[in-house]
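Understanding the architecture of this molecule
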Amino acid sequence: MKSVRLIISFGIVFSFSCKPPKQANESPSKPAVETSTAKEAATINNNASDVSINKDQPMQITKDTRYRLIVSFISIGEGTDRNGKELLDSFLNDWATKHKREVGYETVQWGREGEVDFCFLLSEMNDVVLQQEFVRGIKEKFKGHSLVQFTENEPCLHKR
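Quantities reported herein were computed from a predicted structural model and do not represent experimental measurements. (Residues numbered from 1 in each chain as written. Predicted model: local features only at pLDDT ≥ 70, side-chain atom pairs only at ≥ 80, totals over all residues. Heavy atoms only, no water.)

Side note on the packing of aromatic side chains
The geometry of an aromatic ring pair comes down to the distance between the two centres and the angle between the two planes. This model, assessed by the stated rule, comprises nine aromatic pairs. Aromatic rings pair up to connect Phe-73, Phe-91, Trp-95, Tyr-105, Phe-118, Phe-120, Phe-134, Phe-142 and Phe-150 into one cluster. (Phe/Tyr/Trp six-rings, centres within 6.5 Å; stacked < 30°, edge-to-face > 60°.)

Listed below in structure tokens is the structure:
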């Protein structure tokens, strides 16, 4: 009888003391799903012209969310493009002045030499032609910059 009670006591203590292990890259303060509070949320599918706008609900951004444009500052052993961030800021300021709207983006740091991705949903632009003009303008601004890469309509690769 004593041994049964002892086994049950150990079982109860053991079941309450065991917790599942945390994932290696899991951060306790960061939720698995981030929510964008943009007033106009767009879901961007495989085609740049396939954009659906939902003005009532905030968009849920997950790891698989496709971004309209990703500007990646890469490095090949000597750091990233030294004036790349200033060029990007200049383009975004000019765009905001010309079109009277700010363009939101996420910044994802991913490398040891300053590598970074700027992920643009372009959900604030409900006109596909305007989105294409934005993408074309950024690409022209960085023409000849070999340490800047562009990806369109894909998930942000380095986002955790």
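Having put the structure on the table, let's press on.
Observations concerning the sheet that holds strand 5 (residues 66–73)
Strand order in the open sheet formed by four strands is 6-7-5-8, and the pairing between neighbours is antiparallel. In this open sheet, the two edge strands, each paired with only one partner strand, are strand 6 (106–109) and strand 8 (148–155). Strand-to-strand twist across the sheet, computed as the mean angle between neighbouring axes with direction ignored, equals 25°. With four bridges joining them, strand 6 and strand 7 (residues 116–120) adopt antiparallel strand pairing. (Pairing = 2+ DSSP bridges. Helix = DSSP H or I, 4+ residues; strand = E, 2+ residues; numbered from the N terminus. Axes fitted to C-alpha atoms, helices over the stretch in contact; angles between N-to-C directions.)

A short note on the pattern of salt bridges
Evaluated as defined, the whole model comprises five salt bridges. Across the salt bridge formed by Glu-154 and Arg-66, the nearest N and O atoms sit 3.8 Å from each other. With Glu-154 in strand 8 and Arg-66 in strand 5, this pair connects stretches of sequence that are 88 residues apart. We note a salt bridge from Glu-152 to Lys-139, for which the minimum N-O separation is 2.5 Å. Taken together, the residues span a long stretch of sequence, with Glu-152 in strand 8 and Lys-139 in helix 3 (residues 128–141) at a distance of 13 residues. We classify Lys-139 as partly exposed; its relative accessible area is 32%. Because the salt bridges share partners, they merge into one network encompassing Arg-68, Lys-139 and Glu-152. (Salt bridge = Lys/Arg side-chain N within 4 Å of Asp/Glu carboxyl O. Buried < 20%, exposed > 50% of the residue type's maximum accessible area, 1.4 Å probe, protein only.)

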